[in-house]
Amino acid sequence: MKNNLSLAPQAQQGGDQPDLRFIGTGSPMRDLVRDHDWSSTPLGPIGSWPASLRTAVGIVMNSPFPMFLWWGEDFVQIYNDGYLPFFGQGKHPRALGQLGRDCWPEIWHIVGSQIENVMCGQATEWQEDRLVPIFRNDRLEDVYWSYSYSPVHGEDGDVAAVLVVCTETTSTVLAKRRRASLDALHLRVQHCHTFDDVFAEARAIAAGNPRDIIGFDVCHGDAAPAPEGAVRIRDEKTRLTLTFEPSPRLPMDASYRAFLEQFTTALGSTMLRIEGELTLRLANDQRDRLLLDAPVGTAVLVGDDLRYELANAMYCQITGRTEEHFIGKPFAQVFPELVGSDVHQVFQQVYKDGTPYVSEATLVRVSFWDQPPEDRYYIFNLSPLRLLNGPVYGLMAIAIDVTQQVQGRNQIERLNADLHRAARTKDEFLAMLGHELRNPLAPIVTALNLMKMKDSNTRAEQAVIGRQVEHVVRLVDDLLDISRITSGKVELRKSTVVLADVLKKSIEMAGPLIEQKRHRLSVEIADVTWYGDPARLAQVVSNLLSNSARYTPAGGSIHLAARVDQRTITITVTDNGQGIAAARLPLVFDLFVQGEQDVDRAKGGLGIGLALVKNLVQMHEGSVRAESGGPGAGSTFTVTLPLVEAAQAAGARAVGPAAPRTEGSLDVLVVDDNRDAADSLAEFLRAKGHVVKVCYDPVDALLIAGDRMPDIAILDIGLPGIDGYELAQRLLALPREKEVRLVALTGYGRDEDKVQSALAGFHSHLVKPIDIDELENLMVR
């Protein structure tokens, strides 16, 4: 195809049809330009257009960039497809071929002079984001452009037209302007603390941007409908509703509405913050009033330096400072003596971590009323204080001065420790007393048994000695029992037994005293089995019988009864003795309390028998009470025990029959530094047919055992030089052809004493004076 670059009009093809290839085809504006009646315009028919015009129009119509051409002195208009969106509604398509002054009367005062200057050959200028309002969409709109004017020369070389290359930047300019307004709003309202200040700042921002916001009002409650042209925005999150008077020269499109919504949200969020601050301030005021009147020491500390914001009167009092010492000052300044202490670190940690803290009684060495530091004890309760959005801004401290309580508790603990030491000393003394009393009793009892075996002419005297020795033994046992029971060292050894058998044993134990005073004893016992410690129950009833015998005149009556009532066993001991005064009834079960006695009726009791009864009955989950009609009216003691039969005693171990006794002579070694006790025991054993060697010194015992190991060695524990425990271990370490059974002999009968002897290797533990039956049971090959 041949291009014709001549400035003369091109020849028409096909008769009078002009060549329109320079316009192009296939787009709305190209079609409009080709079909337009140009003969009615100053340009005339297309076929008569000069080459310069045809070239300029070709450039415009074939450019994708928005272009606009004003031709000639009348500024006839030609524009391309890229320019079409800028028109909006109202000017296109009649703007095509229209004179510039007629098409743009609203902006000709702006652009007219610029166009004329170009036509006159003056230099062109680049206009960026220039406000050139145009009438479109039935209104005069603020429109921003970036554009330039370029001259187009005609055939004679003079400027024949002005070419405009432009683009609309309205959306960019509005976005930038609105962003600046929102940024300024956020910046200025963040320092507001009242609603009035917020709206004053917002109106100042709106006044600085009148092209977007002419004004606004706050809607309260059921507001009237928005005025015509107004826009009402409600922020559901903050519940704020504003009615805006928008600019009439801007379309209310999505971006404009979004700007008004963001403006509303910014104010609503600020109002929520202020509401929160007001609520917090009100809560703090109420909190402060409560804390100031609190009956415990309370303070509020804020900030990293734990600055005191509040300290009530009690807090000041228990820390030895006035309010002026606290308010507005950091912890380190108020308590310089505590800087770096555990207490200071705890305060800092609660503020840092936001974790509450409650202390035990804490020792704090603090200066009190400007005096040298002293020891005080406090309980602290520290709670973090948080802002609405979560961060910790301070802490509330509650302090209670427990110095007196701690000192009192310490004093009680010291007293308890003293009591425990005294109790331990008492137990040791009683154990020693029992040991020392039993040591002389041992040879007496053994000698008495020998007398019974050898001499039948002194049976009456033997009986007297036996009764008195038995009485002394029981006194010693009672002393040790009450000591063990009160210290919780007695364990019941329960089994299922026939109640009548247990009570028969108790009658035997109290029998000598009853017989001595010629009392009439009647017995009424139900046929029932019972689960408990038979030895201890026998001791209980024996003590009650002995008590009645002691305080009943000779020839009196004593009645023992045991009855079953539903699920309990009731044991009563009734006498017609001297009775009990009403004032003494509540005291009869107390330790070391005795009834009133005349000198001629004193029985040598220690006042511990009934105390033992009460403790042993309570250990069986029972109860005991005393009743009397007064002096001379006798008395009744009632023991009530829970009835647990054999079928109900789950896990109870029945006592099996004793091992059959076998007769035979044994080699026996007796070692005791008490010669009377050793000799009398040896003589008794020889009388029973055994071969006995006696040693008074542990070294001699080792020599004898080294030559010939005995079958049984009875060793006193309290030996001089080498005690019985060490002697037992040395005997067991000797070479031997047969086993030797070791029997401990001692005045100590506590459970811990028996455990110690077992650990030392003893097979049995005998308490002085020796129970002959128990000894004979041990002498079995």
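Note: the structure precedes this text.
Note that the structure is a prediction, hence the values are computed from the model and not measured.

### Quick notes on the environment of Ser52
Summarising the element assignment, Ser52 is placed in helix H2 (residues 51-61). Judged by its relative accessible area of 8%, Ser52 is buried. Put simply, Ser52 and Gly154 are 102 residues apart on the chain and 5.4 Å apart in space, counted from C-alpha to C-alpha. If we skip the residues at most four places from it in the chain, Ser52 touches Trp71, His153, Gly154 and Glu155.

### Some details on the sheet that holds strand E8 (residues 213-218)
In spatial order, the strands read E8-E10-E9; together these three strands make up an open sheet with antiparallel pairing. Two strands bound the open sheet, and with one partner strand each, they are E8 and strand E9 (231-235). Direction aside, neighbouring strands of the sheet carry axes that sit 25° apart on average. In terms of strand pairing, E9 meets strand E10 (residues 240-246) through five bridges, oriented antiparallel. Bridge assignment links Arg232 to a residue of E10, and that residue is Thr243. Its contacts with the sheet put helix H7 (residues 195-207) on E8 and E10, and the angle it makes with E8 is roughly 160°. Here helix H8 (residues 254-292) sits on the sheet and contacts E8, E9 and E10; the angle it forms with E10, its principal contact strand, is near 140°.

### Notes on the sheet that holds strand E20 (residues 557-565)
Sheet architecture is open: five strands sit in the order E18-E20-E21-E23-E22, paired in mixed fashion. On the outer flanks of this sheet lie strand E18 (520-525) and strand E22 (623-628), each paired with one strand and no other. Put simply, the sheet's adjacent strands are angled 10° from each other on average, direction ignored. In terms of strand pairing, E22 meets strand E23 (residues 635-642) through six bridges, oriented antiparallel. Directly across from Arg625, in E23, lies its bridge partner Thr638. Helix-sheet contacts for helix H16 (residues 534-550) involve E18, E20, strand E21 (568-575) and E23, and the interaxial angle to E21 is about 20°.

### As for the packing of H16 against helix H17 (residues 609-619)
A pair of packed helices is captured by two measures, namely the crossing angle of their axes and the spacing between those axes. It is the contact of H16 with H17, at a shortest axis distance of 9 Å, that shows an interaxial angle of 145°. The crossing of H16 and H17 is left-handed. Of the residues in H17, those touching H16 at Arg536, Gln539, Val540, Asn543, Leu544 and Asn547 are Gly609, Leu610, Leu612, Val613, Leu616 and Val617. Taken together, the residues of the contact of H16 with H17 sort by class into seven nonpolar, four polar and one charged.

About the cut-offs
- Residues numbered from 1 in each chain as written.
- Predicted model: local features only at pLDDT ≥ 70, side-chain atom pairs only at ≥ 80, totals over all residues.
- Heavy atoms only, no water.
- Helix = DSSP H or I, 4+ residues; strand = E, 2+ residues; numbered from the N terminus.
- Buried < 20%, exposed > 50% of the residue type's maximum accessible area, 1.4 Å probe, protein only.
- Contact = heavy atoms within 4.5 Å.
- Pairing = 2+ DSSP bridges.
- Axes fitted to C-alpha atoms, helices over the stretch in contact; angles between N-to-C directions.
- Left-handed = near helix turned anticlockwise from the far one by under 90°.
- Nonpolar A, V, L, I, M, F, W, Y, C, P; charged D, E, K, R; others polar.

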